[in-house]
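Architecture and fold: a report
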Amino acid sequence: MSCTKEKTNYLEETSREIPEVFDFQEASSMLVDRYRISIEALNGTFYTGYNELRVRITDTQTGETINPDSIQFIPISKIADGVVTSCPHLFQLQKSTQNAYWEGYSIFIDEQLPNPTWKLYVNLVVGQQNYTATSDITTKEQLNKNLNKTLFRGNDSLDYMIALVSPRNPQVGTNPIIAGIFKRITTTHLAEFVPLSPSYYQYVAVNDHTLELDPRMPEPSMGNHSSPNNVNLSQRNDGFYEGVVNYTMTGNWTLNFILKDARNTIVKGNAVSTAFTPGVQGVKGELHIDILF
Amino acid sequence: MRLFISFLLILFVLSSSFAQTDTNHRDKVKTLEKVSIFKRKKKKLATDVKLTALVDELLGTSDNISFIKRGAYAWEPLLNNMTTERSVITVDGMHVFGACTDKMDPISSYMESNSISSIKINSGQHGNMQGATVAGSIDLQRISTPFGQDKAWSGSYQTGFEFNNNQTFNLGNISYSSAKFVADGSVGYRKAGNYTDGSGNEINHSQYSKFNTSLGLAYKTSELSSIKVDAIFDQANNVGFPALPMDLWLSRAIITAASYQQQFETGLLRVWDTKAYFNAIEHYMDDTNRPENLVHMDMPGWSTTYGLTSRVELKQGSYQGELQLNAYDNLSIAEMTMYPQDRSERTMFAYTWPWVTTRYAGVSSSNTWNLSPISEVNIGASVGTHYNYARYSEFNRIFYPEASESKTRFLPSLNARYQLSLDKFRILLGTGFGQRAPSVSEGYGYYIYNSFDLYDYIGNPDLPNETSYEVNAAINYESEKWSISSQVNAFHIRNYIVGKILSIGSPMNYQSVGVKAYSALEYARLFNIAISGRYDILQHLHWKGTLTYARATDNNSVNLPFIRPLHYQSSLQFMHKKMGIQAAINGDLSQNNFSPEYGETPTQAYAVFDLSGDYTFNLGKHHLTVQVGIENMFDSFYTTYADWGNIPRMGRNVFTTLKTHF
Ligand SMILES: [Cu+2]
């Protein structure tokens, strides 16, 4: 029997605000000597914010995929003549479990760049030999708000960044939430880029901190609604931070954070009001990221 | 699941092609009389003063029934002062489940007074034949014309107008009866505007309109067997619920059944009755007439049930028994979409019933032994398995991360009753034990806003079974001129399910002040007593009166909500030739044992007087009855303990009815 009003297609409903994601596709390639380096990203596009990357190396002479001894990766953006910067990324790529490709990530920040173009540097170590290649890339704005990020100055006067990594496609219910937390360190800007130099790791992972989480719906009609049973984010072995966020319904959510260091000192963030205030926009914390699904 | 449905469908098709219905009415009545074990309350379908009443008003004539009223329509029947989760409400033994998270649609709301012939109420565990219950069972029985009536065609028509809310109704019935074939149908339409309370204030959003039609076809396949198909269609449009923040835009039910009945003239097995059924309900709420609401919401709900019942009636010597199989599969879905103030922003979606499947299969039996000509003992038992599964259980896991994916419960029930008839006295003593599973809302409800206590309610899939221990007694004296009867029952209910404030979570509905979780109290105790009497003052002057009282507390001696204070009703009926006059008074004393913990405020005593007169005459070949009456004659302004949000009840109402039949 057909109904007067159709039931909501729940799958469609929860993915409505999430840009469609296809597979990993080549987003950039470079040639060095006999090797072709292919860098794959989702949809074949580099987005601002978090990008999971897969790197495959082919020997152009044999046409076969090869596994070098190691691969180093660094994205560089030119700020001014002679001044370059990097962004959070995985420097030593890691072999995927099936050895099919090499895994890495890059969290592009374009907001603070006068000229947001990037040059990717890849160095292969095959035998005793180093092969370094570069390519110019451009990034697109990430439209999936669930991969939003925030850049902020901590109470310790250092510049930090929190980037959401997962869930890319949140569900109503319990979602593991993963974020990268980085801090910017002052480095000497060498006029001439020297690959593999730690001088360019302007962003380093923040270790042993805690990211306290208070998700709320800012929409006035939701009156600062929150969800129960969330778990603060703590650091995993791979350096990323993981916790649990519960979304009670679809819509706009604000993840209010308090970043605390290992000694429990607040680096940034404040406790937000827990009052239920129907009709009034929820007041967001000084440290927060908005998401939407 | 799919297998189960196909199984049912096959049965459905089989029974519709082969099977069944009421065999010769006289046979059936005889059988019923013989096998009727429980005290079955067959209500004559009229109230003390009204010839043509709403189904709710008819239900209300039972001493065991009271109502939570959220407006003028679809009152929630409380059996033994317990809400509908605790009773089994069926239509001809078929399980039907409402599709509204806000209880706008008790099953009785899908019936019309001319589509039912009787209402069968069994108190407590004596109501376990249809499935697990605590409070008892209410079975609304559809009209059913016997085979081989003297008149092949018969019909009736009732129309009327009620002045308080400009209600008009038109109810028509027609039936055809031959030796082998029976058809009966009913059509009813009601429309009412807002009612006015005793202070002359119009109660906005109390209008309703309802269309109901039903059809039954029965064919006698042999001298002792018959097949029958039944369908009821009900549609309510534009129903206001003044006590709720939302109204009803449309609610629609289709209730269908195919059954086969076989009777046996000799042997232990006397009747075998099997029915396959299907019903579907859709329910769409509407808040667009409530501009005061801060948030616009869409809250549609759907409920679909497939079921099977099969029962046999047994008789041998001093033993008579009944054995019944019940199985059903229900899917309840309710959605909530909230619209942001800035409509260009993303709407917010959640399931309030996250596709909850309930599957029940159980066997019930009732056995009576006549110990002597004056005494009999009855022992009944039932066992059932109750299975729940939520397709989107992630909603429930937000509050209960460990909530099980599916839940199977085992629901036993036992009851015993001893009856002694001594001259004009009849004494009944009974006891019972039974369990029920949480309802869909109690188990899986998600942010269901309760406008009574202003909390959002969250279900808990792993709630324990509610377990009832019950004793009851009744004494009845009946003489030619007068009768008096009294019945008492007491329930000790372990794991009594109520809403308890939850320390986690924040409200979702903007009117809400917090979140409550359905939780099990250690126990609750309920006590009900009713005393009723009848006296034939003169041959044509009759008096009737009823007094009921109830008390209910939880394990901390805190009062439970919606418990009726001392209630009385009394009526006089005078008949002279073709004329009748009825006068009635009913009222409650003030509610002292109210429950602030559950959102109640005290209500004051009230009394309402009703008066009506009717006259029957012939117009040509037609037999006509007209009735004119007045309800709440003195225009009292009152609200009762069970009026949601203490909305005032209807003030003075003049009603008229014209009834004819052929
Ligand atoms: Cu409703």
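Residues numbered from 1 in each chain as written. Chains lettered and ligands numbered in written order. Predicted model: local features only at pLDDT ≥ 70, side-chain atom pairs only at ≥ 80, totals over all residues. Heavy atoms only, no water.

1. What to know about the overall build of chain B
Counting its secondary structure elements, chain B contains five helices and 34 strands. Taking 26 Å as the expected radius of gyration for a compact globule of 662 residues, we find that chain B reaches 24 Å, a close match to that expectation. Its C-alpha atoms give chain B principal-axis dimensions of about 70 × 55 × 45 Å. When the 662 residues of chain B are sorted by exposure, 61% land in the buried category. (Helix = DSSP H or I, 4+ residues; strand = E, 2+ residues; numbered from the N terminus. Rg over C-alpha atoms; globule rule 2.2 N^0.38 Å. Buried < 20%, exposed > 50% of the residue type's maximum accessible area, 1.4 Å probe, protein only.)

2. Overview of the pattern of salt bridges
Side chains that carry opposite charge are capable of pairing whenever their charged atoms lie near each other. Using the criterion set out here, one finds 43 salt bridges over all chains in the structure. For B:Arg86, the salt bridge is made with B:Glu466, and the minimal N-O distance between the two is 2.8 Å. Of the two residues, B:Arg86 is situated in the loop between strand S3 (76-79) and strand S4 (87-91) and B:Glu466 in strand S24 (residues 466-478); the sequence distance between them amounts to 380 residues. One exposure class covers both B:Arg86 and B:Glu466, and it is buried. With its nearest N and O atoms 3.6 Å apart, the salt bridge here joins B:Arg311 to B:Asp273. Within this pair, whereas B:Arg311 is found in strand S16 (residues 300-316), its partner B:Asp273 is found in strand S14 (residues 269-286), the two being separated by 38 residues in sequence. Both residues of the pair, B:Arg311 and B:Asp273, belong to the buried class. Connected via shared salt-bridge partners are A:Glu13, A:Arg16, A:Glu17 and B:Arg346. (Salt bridge = Lys/Arg side-chain N within 4 Å of Asp/Glu carboxyl O.)

3. Details of the sheet that holds strand S10 (residues 129-138) of chain A
All names here are of chain A. Judged by pairing direction, the sheet is antiparallel, and its four strands sit side by side in the order S6-S5-S9-S10 without closing on themselves. Two strands bound the open sheet, and with one partner strand each, they are strand S6 (83-86) and S10. With strand direction ignored, the average angle separating the axes of adjacent strands in the sheet is 30 degrees. Inspection of the sheet shows strand S5 (residues 70-80) paired to strand S9 (residues 117-126) by seven bridges, in the antiparallel sense. Following the sheet pairing, Ile74 is matched in S9 by Tyr121. (Pairing = 2+ DSSP bridges. Axes fitted to C-alpha atoms, helices over the stretch in contact; angles between N-to-C directions.)

4. Thoughts on the interface of chain B and chain A
Residue-level contacts link 42 residues of chain B with 36 residues of chain A. Around 3200 Å² of area is buried between chain B and chain A when both sides are counted, 62% of it from carbon and sulfur atoms. When residues of chain B are sorted by the area they lose upon contact with chain A, B:Arg346, B:Phe349 and B:Ile398 head the list and together hold 24% of the total. Between A:Glu17 and B:Arg346 there is a salt bridge; the shortest N-O distance is 3.7 Å. Joining chain B to chain A, the criterion identifies 18 residue pairs in polar contact (both at pLDDT 80 or more). Taken together, the residues of the side of chain B that touches chain A sort by class into 28 nonpolar, six polar and eight charged. (Contact = heavy atoms within 4.5 Å. Buried area = accessible area lost by both parts, 1.4 Å probe. Polar contact = N/O pair within 3.5 Å; in protein donor to acceptor, adjacent residues only side chain to side chain. Nonpolar A, V, L, I, M, F, W, Y, C, P; charged D, E, K, R; others polar.)

5. Here's the deal with the sheet that holds strand S23 (residues 455-458) of chain B
All names here are of chain B. If you trace the four strands from one edge of the open sheet to the other, you get S22-S23-S27-S26, paired in mixed fashion. Taken across any chain shown, the strands that pair with only one partner, and hence form the sheet edges, are strand S22 (448-450) and strand S26 (497-501). Mean inter-strand twist for the sheet, computed between neighbouring axes without regard to direction, equals 40 degrees. Bridge analysis of S26 against strand S27 (residues 514-520) gives five bridges, and the strand direction is antiparallel. Bridge assignment links Ile501 to a residue of S27, and that residue is Lys516.

6. Details of the coordination of the copper ion
Residues and elements named next belong to chain B. At this site the copper ion is bound by Cys100 (SG), Met104 (SD), His283 (NE2) and Met285 (SD), with donor distances of 2.0 to 2.7 Å. Taken together, the four donor atoms surrounding the copper ion define angles of 89 to 128 degrees at the centre, an arrangement classified as tetrahedral. Summarised as a motif, the one-chain spacing of the donors to the copper ion is C-x3-M-x178-H-x1-M. Within this pair, whereas Met104 is found in the loop between strand S5 (94-95) and strand S6 (116-123), its partner Met285 is found in strand S14, the two being separated by 181 residues in sequence. Per residue, the accessibility class of Met104 equals that of Met285, and both read buried. (Donors = N, O, S within 2.8 Å, 3.2 Å for Na, K, Ca; no water. Tetrahedral: all angles 85-135°; square planar, octahedral: opposite > 155°, others 65-115°.)

7. Considering the domain arrangement of chain A
Residue and element names in this part refer to chain A. Its domain assignment divides chain A into domain 1 (5-16 + 143-292) and domain 2 (24-138). Each of domain 1 and domain 2 was reduced to a C-alpha centroid, and the two centroids are 26 Å apart. Each partner contributes to the interface: domain 1 provides 20 residues, whereas domain 2 provides 25 residues. Carbon and sulfur atoms supply 71% of the area that domain 1 and domain 2 bury against each other, a total of about 2000 Å² over both sides. At the junction of domain 1 and domain 2, the tally comes to zero salt bridges. Counting across the domain 1 and domain 2 interface gives one residue pair in polar contact (both at pLDDT 80 or more). Secondary-structure elements contributing two or more residues to the side of domain 1 that touches domain 2 are strand S11 (149-153), strand S12 (159-166) and strand S13 (173-184). Among the elements that take part in the side of domain 1 that touches domain 2, S12 stands out by supplying four residues, more than any other. Within the side of domain 1 that touches domain 2, the residues separate by chemical class into 15 nonpolar, two polar and three charged. (Domains from an automatic or database assignment.)

8. Thoughts on a nonpolar patch on the surface
Residue and element names in this part refer to chain B. A cluster of nonpolar residues, Trp482, Ile484, Ile531, Tyr535, Ile537, Leu538, Trp543, Leu547 and Leu572, forms a patch on the protein surface that exposes about 750 Å² of accessible area. When contributions to the nonpolar patch are tallied by element, the ones reaching two or more residues are strand S25 (482-494), strand S28 (523-538) and strand S29 (541-554). No other element matches S28, which puts four residues into the nonpolar patch. Position of Leu547 among the secondary structure elements: in strand S29. Its relative accessible area of 38% is what places Leu547 among the partly exposed residues. (Patch = residues over 30% accessible without salt bridge, like charges linked within 9 Å, V, L, I, M, F, W, Y side chains within 5 Å. Areas by Shrake-Rupley, 256 points an atom, 1.4 Å probe, with all protein chains shown as cover.)

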